[in-house]
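Residue strings, one per chain:
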Amino acid sequence: MLYDSFEICASALPAGAKAVIDRASTVFLATKHITDDTTTGIQTDMGVNHRGGAPGFTRMYEDNDGDRVTTYLVLPDHSGNRFYQSLGNIETDPQVGLVFPDFTTGRVLYVTGDAENLLDQDAEALMPRASLLTRIKVTGAVFVKGGLNLKLTSQERFSPYNPPIKYLRRELEQMGHATVAQSNDDAITAKLVSTRALSDSIKTFNFELSKPINAPLPGGFGVFDFSDVLDVGYNHMNEANPQLINEDYVRTWTLSSAPSYDAKTNSFHAINRVSVTVKRKPGGLISNVLHNNIADLTTQKPPVEFKGTGTGFTCFSPSAAGLPPNIPSKMLWIAGGVGITPFMAMWDGIVQVANAHPEQISTKIVLLFSGRGDDINVLKHFASQSGSVPANVKLRIVALQSTGGNRSNANFARDGLRHVFSHELLRLEERRIQISDLPSAMDLKKCEVFMCGPDALMAWCEKTLTELNVEGARRHRESFIF
């Protein structure tokens, strides 16, 4: 036994216990129901139900009051049989017990606590994109070594019905992904008004908002809720598309358009239009709905709820009152595929600020872009702005193209880029990104590095930047976990 009757209400859970919660794809929740109905002869009814999800689906946070630590566990509700037995029991009696088995180490964490169900706005306030969850205030725990006499004989396989992990609002804030939400009294909708094809699989979708919003800094994101348009109601199972069962129809996309900059106030204007650049994802729900139904969406204009905005990834930082925003003097931008979108908005914002204050803004940027096939056509966005750039703002693009399946389209896209960019602005090669590309593009000791792209590219970038001794403080990475 590692810990016996550990008093969680006085101190924090030990690190080993927290690790079990972080890894858990399975937890068992015990609840009880007490009734005064004497006709049945049953006064107390107890039950244990399974809760499951992707590892880490149970979120945890701590509140500190001096030396006293209160631990909370948060279980988002996943679609099930809709009996709501456990949730109903909690409404009548908050005392619960939980068991977290660790099938890898054999350790078991037993927890007792006081639970409450949170719905709608209360749930959203704690965990964005959740409309129903259970929060448990931990009152005690027992952490047992070797408590599980079961052993995995093969790699753990997870249910295809598991939805993506939802994170607590405080976790998103720590990662720089806090959302400025719209209240019910100020609900905003977005209607698709036009599109622009950038490649065979990437399009920019332009939405008109029902009310103006204070725009995030260029590179920020918007949150769209398509549930009113696409949700067809409850299904218990869906073998053809399991992910639809727990689909919330909410998408967070980088805004690929920059708001207009006001030189008098040194701030970006409120906006009533936003653009998102979306790549068609094989098997993806929302991306295929957008790409396949442009005519209907732009003609009928069904309203989509616009839930808010936020900025977690931008090269802009606030400055002293009355001065333009700060921009690093040297930057290396690394993008893969549709990960180019935040840089499209950042570049447009930089051009605006630099034109408004040509003597105060000076920056040198190298954009290292890795794209497949004709996806490299997205780079034409930067060509359209090149003629209006002040002399003290310099951009050079290094584009690395993998041809993919359609070599003809890839060649055509490559030739097209060479017609719109001069040799000084664009270097284009048919190959994959290499370690040597980073230090040859920019002096890594003197620049800020911004990265956005697929997980594999980002993992490679982090590993490479570590090998090249680039400080963590000068690495800025976009994340799509929210």
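Here is what the cut-offs are and how they apply
Residues numbered from 1 in each chain as written. Predicted model: local features only at pLDDT ≥ 70, side-chain atom pairs only at ≥ 80, totals over all residues. Heavy atoms only, no water. Phe/Tyr/Trp six-rings, centres within 6.5 Å; stacked < 30°, edge-to-face > 60°. Helix = DSSP H or I, 4+ residues; strand = E, 2+ residues; numbered from the N terminus. Buried < 20%, exposed > 50% of the residue type's maximum accessible area, 1.4 Å probe, protein only. Salt bridge = Lys/Arg side-chain N within 4 Å of Asp/Glu carboxyl O. Pairing = 2+ DSSP bridges. Axes fitted to C-alpha atoms, helices over the stretch in contact; angles between N-to-C directions. Contact = heavy atoms within 4.5 Å. 1 Å grid on protein atoms, 1.4 Å probe; cavity = no way out; pocket = protein on both sides within 12 Å on 5 of 7 lines; lining within 4 Å. Points joined across faces, edges and corners; volume = space filled by probe spheres on them. Nonpolar A, V, L, I, M, F, W, Y, C, P; charged D, E, K, R; others polar. Expected span 1.5 Å × (residues − 1). Arc of directions from axis to C-beta.

Draft legend 1. Here's a closer look at the packing of aromatic side chains. Evaluated as defined, the whole model comprises 10 aromatic pairs. Relative to phenylalanine 268, the ring of tyrosine 261 lies with its centre 5.2 Å away and its plane at 65°, an arrangement referred to as edge-to-face. Judged by centre distance (5.9 Å) and plane angle (70°), the ring pair of phenylalanine 313 and phenylalanine 450 falls under edge-to-face. Of this pair, phenylalanine 313 sits in the loop between β17 (304–310) and β18 (330–336) while phenylalanine 450 sits in strand β22 (residues 448–452), and the two are 137 residues apart along the sequence. With respect to burial, phenylalanine 313 and phenylalanine 450 carry one shared label: buried. Among the aromatic side chains, those forming a connected cluster through ring pairs are Phe207, Phe224, Phe226, Trp253 and Phe306.

Draft legend 2. Summary view of unusual backbone geometry. The backbone of lysine 301 shows a phi angle near 50°, a positive value even though the residue is not glycine. Mapped onto the elements of the fold, lysine 301 is located in the loop between α7 (294–300) and β17. Given the relative accessible area of 29%, lysine 301 is considered partly exposed. You will see that asparagine 469, though not glycine, has its phi angle at about 60°, which is positive. Here asparagine 469 is to be found in the loop between α12 (455–467) and β23 (475–477). On the accessibility criterion, asparagine 469 (66% relative accessible area) is exposed.

Draft legend 3. How the structure looks around the pattern of salt bridges. All chains considered together, the criterion is met by 20 salt bridges. The closest approach of N and O atoms between lysine 279 and aspartate 375, which form a salt bridge, is 2.6 Å. Of this pair, lysine 279 sits in strand β16 (residues 270–279) while aspartate 375 sits in the loop between β19 (363–372) and α9 (380–383), and the two are 96 residues apart along the sequence. A salt bridge links glutamate 429 to arginine 427, with the nearest nitrogen and oxygen atoms 3.0 Å apart. The exposure class of arginine 427 is partly exposed, given its relative accessible area of 27%. The network of salt bridges with shared partners includes Arg427, Glu429, Arg431 and Asp437.

Draft legend 4. Structural detail: the sheet that holds β23. If you walk across this open sheet you meet the six strands as β21-β20-β19-β18-β22-β23, and the pairing is parallel. Of all the strands in the sheet, the pair left with one neighbour each is β21 (426–429) and β23. Across the sheet, the mean angle from the axis of one strand to that of its neighbour is 15°, orientation sign disregarded. Pairing between β18 and β22: five bridges, direction parallel. Among the inter-strand pairings, tryptophan 333 is bridged to a residue of β22, identified as phenylalanine 450. In the packing of helix α8 (residues 341–356) onto the sheet, the strands contacted are β18, β19, β20 (393–402) and β22, and the crossing angle to β18 comes to about 150°.

Draft legend 5. Main features of the pairing of strand β6 (residues 95–101). Where burial is concerned, most of β6 is hidden: five out of the seven residues are buried. With three bridges joining them, strand β2 (residues 26–34) and β6 adopt antiparallel strand pairing. Within the sheet, the bridge partner assigned to alanine 30 lies in β6 and is glycine 97. Pairing of β6 with strand β7 (residues 108–119), which is carried by seven bridges, proceeds in the antiparallel orientation. The residue bridging leucine 98 from the neighbouring strand is valine 111, located in β7. Linking two consecutive strands that pair antiparallel, namely β6 and β7, is a turn of six residues; a positive phi of about 85° is found at glycine 106 within it.

Draft legend 6. Molecular detail of the layout of surface pockets. Its volume calculated, the second largest pocket comes out at about 230 Å³. Along the walls of the second largest pocket sit 17 residues, with Val393, Lys394, Leu395, Arg396 and Leu425 positioned nearest its centre. Sorting the residues of the lining of the second largest pocket by element identifies β19 and β20 as the ones contributing at least two each. If one sorts the elements of the lining of the second largest pocket by residue count, β20 sits on top with five residues. A per-class count over the lining of the second largest pocket returns 12 nonpolar, one polar and four charged.

Draft legend 7. Representation of α12 in the model. Taking 1.5 Å of rise per residue, the 13 residues of α12 would be expected to cover 18 Å, and the 18 Å separating its terminal C-alpha atoms lies within 8% of that figure. All of the buried residues in α12 are Leu457, Met458, Cys461, Thr464 and Leu465. On an axial view of α12, the arc spanned by its buried residues comes to 130°, and they lie on one face. The exposed set on the far side of α12, more than 90 degrees from its buried face, consists of Asp455, Ala456 and Lys463. The inward-facing, buried residues of α12 contact β18, α11 (437–441), β22 and β23.

All quantities given are derived from atomic positions and should not be read as evidence of function.
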